[in-house]
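Here are the chains, one letter per residue:
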Amino acid sequence: MATSTTDRERVTYKALQEPTMCAAFQVTAAEHPDRVALRTKGDEFSLTWGEYAKRVERIAAGLAALGLGRGDTIGLMLNNRPEFHLVDTAAMHLGATPYSVYNTYTPDQIAYLVGDAQNTPGRSLYVRLTGSDAGRGRAGKWTDAQNGDHGDLLDIIASAIGSRRMAETLD
């Protein structure tokens with residue numbers, strides 16, 4: 001039985017030729033900036049590749065300002081939501097290894113997981129994208145699991161990119 005290759009099978013995707021996921025991400029974002037990259041069911045939220053890349057760059061700058069870099073680990077405690085991919089991708093672009101911390105874990109399980117990942121002060125951060133309406137547990141805050149330091153992620157991103165106005169940081 002003879003086989004044949006269709007035109008579709010002959011298509012070469014430049015991103016798939018790249019050596020890393022981050023390089024493939026950058027190629028895809030450059031080639032298709034207006035295509036939707038992330039969306040929720042029903043399109044309540046959608047993000048194009050161009051917007052995705054821009055946000056990843058800013059989040060990576062903020063995480064780098066906190067000290068996250070190549071060889072570090074970062075635990076991400078997020079609900080199942082598109083924003084997970086922003087932080088996950090930003091961490092990978094810095095050469096860090098992101099891992100999930102599930103909301104259903106007990107405090108003891110979280111302490112074990114963070115400790116087992118050999119995180120160090122300043123690099124043992126978790127970021128909340130959802131949470132209570134007030135205090136350290138509210139959305140947009142980070143906490144260093146090793147030493148208890150905490151703060152606002154937007155302030156760190158603003159500082160890292162040199163913006164002086166909130167609108168610049170959010171763009």
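These numbers were taken from a predicted model, which means no experiment stands behind them.

*Asks:* Looking at this structure, how should I read the overall build of the protein?
*Replies:* Of the regular secondary structure elements, the protein holds seven helices and seven strands. Along the protein, from the amino end to the carboxyl end, the secondary structure elements read α-α-β-β-α-β-α-β-α-β-β-β-α-α. Burial status across the protein gives 36% buried among its 171 residues. Looking at the protein alone, contacts between residues at least 24 apart form 48% of all its contacts between residues at least 6 apart.

*Asks:* I tried to follow the packing of helix H3 (residues 49-65) against helix H4 (residues 83-93) on my own but got confused; where do I start?
*Replies:* To characterise two packed helices, one gives the angle between the axes of the helices and the distance between these axes. The geometry of H3 relative to H4 is characterised by a closest axis approach of 8 Å and an angle of 60 degrees between their N-to-C directions. H3 and H4 meet at a crossing whose hand is right-handed. Residue-level inspection shows Tyr52, Arg55, Val56, Ile59, Ala60 and Leu63 of H3 in contact with H4, the latter providing His85, Leu86, Val87, Thr89, Ala90, Ala91 and His93. Within the contact of H3 with H4, the residues separate by chemical class into nine nonpolar, three polar and one charged.

*Asks:* What is the right way to look at the confidence of the model for the protein in this model?
*Replies:* The predicted coordinates ought not to be read in detail in places where the model reports low pLDDT. On average, residues of the protein score 78 in pLDDT, and 64% of them are at 70 or above. Mean pLDDT per element in the protein: helix H7 (residues 166-170) is the minimum at 61, and strand S2 (residues 46-48) is the maximum at 94.

*Asks:* Can you help me understand the pattern of salt bridges in this one?
*Replies:* If charged atoms from side chains of opposite charge come close, those side chains can pair. Under the definition given, this model contains two salt bridges. Here Arg39 ties to Asp43 by a salt bridge, and the two come within 3.1 Å at their closest N and O atoms. Judged by relative accessible area, which is 56%, Arg39 ranks as exposed. Glu83 is paired through a salt bridge with Arg81; the nearest N and O atoms lie 3.0 Å apart. Look at Glu83 and you get buried, because its relative accessible area is 18%. Overall, the relative accessible area of 26% leaves Arg81 in the partly exposed class.

*Asks:* Before we go on, may I ask you to explain the packing of aromatic side chains in this structure?
*Replies:* The description of an aromatic ring pair rests on the distance of the ring centres and on the angle between the ring planes. What the rule picks out here adds up to four aromatic pairs. Geometrically, the ring pair formed by Tyr102 and Tyr105 is edge-to-face, given 5.4 Å between the ring centres and 85 degrees between the ring planes.

*Asks:* Help me understand the nonpolar core in this model?
*Replies:* Nonpolar side chains tend toward joint burial in soluble globular proteins. Formed by 23 residues in total, the largest nonpolar core has its most connected members in Tyr52 and Leu63. With seven residues, H3 is the largest single contributor of residues to this core. The contact partners of Leu63, leaving out residues within four places of it in the chain, are Leu68, Ile74, Val87, Ala90, Ala91 and Leu94. Grouped together as the second largest cluster of nonpolar side chains are five residues, Met77, Tyr99, Ile110 and Val114 included.

Conventions adopted
Residues numbered from 1 in each chain as written. Predicted model: local features only at pLDDT ≥ 70, side-chain atom pairs only at ≥ 80, totals over all residues. Heavy atoms only, no water. Helix = DSSP H or I, 4+ residues; strand = E, 2+ residues; numbered from the N terminus. Buried < 20%, exposed > 50% of the residue type's maximum accessible area, 1.4 Å probe, protein only. Contact = heavy atoms within 4.5 Å. Axes fitted to C-alpha atoms, helices over the stretch in contact; angles between N-to-C directions. Left-handed = near helix turned anticlockwise from the far one by under 90°. Nonpolar A, V, L, I, M, F, W, Y, C, P; charged D, E, K, R; others polar. pLDDT = per-residue confidence, 0-100. Salt bridge = Lys/Arg side-chain N within 4 Å of Asp/Glu carboxyl O. Phe/Tyr/Trp six-rings, centres within 6.5 Å; stacked < 30°, edge-to-face > 60°. Core = buried A, V, L, I, M, F, W, Y, C linked by side-chain atoms within 4.5 Å.

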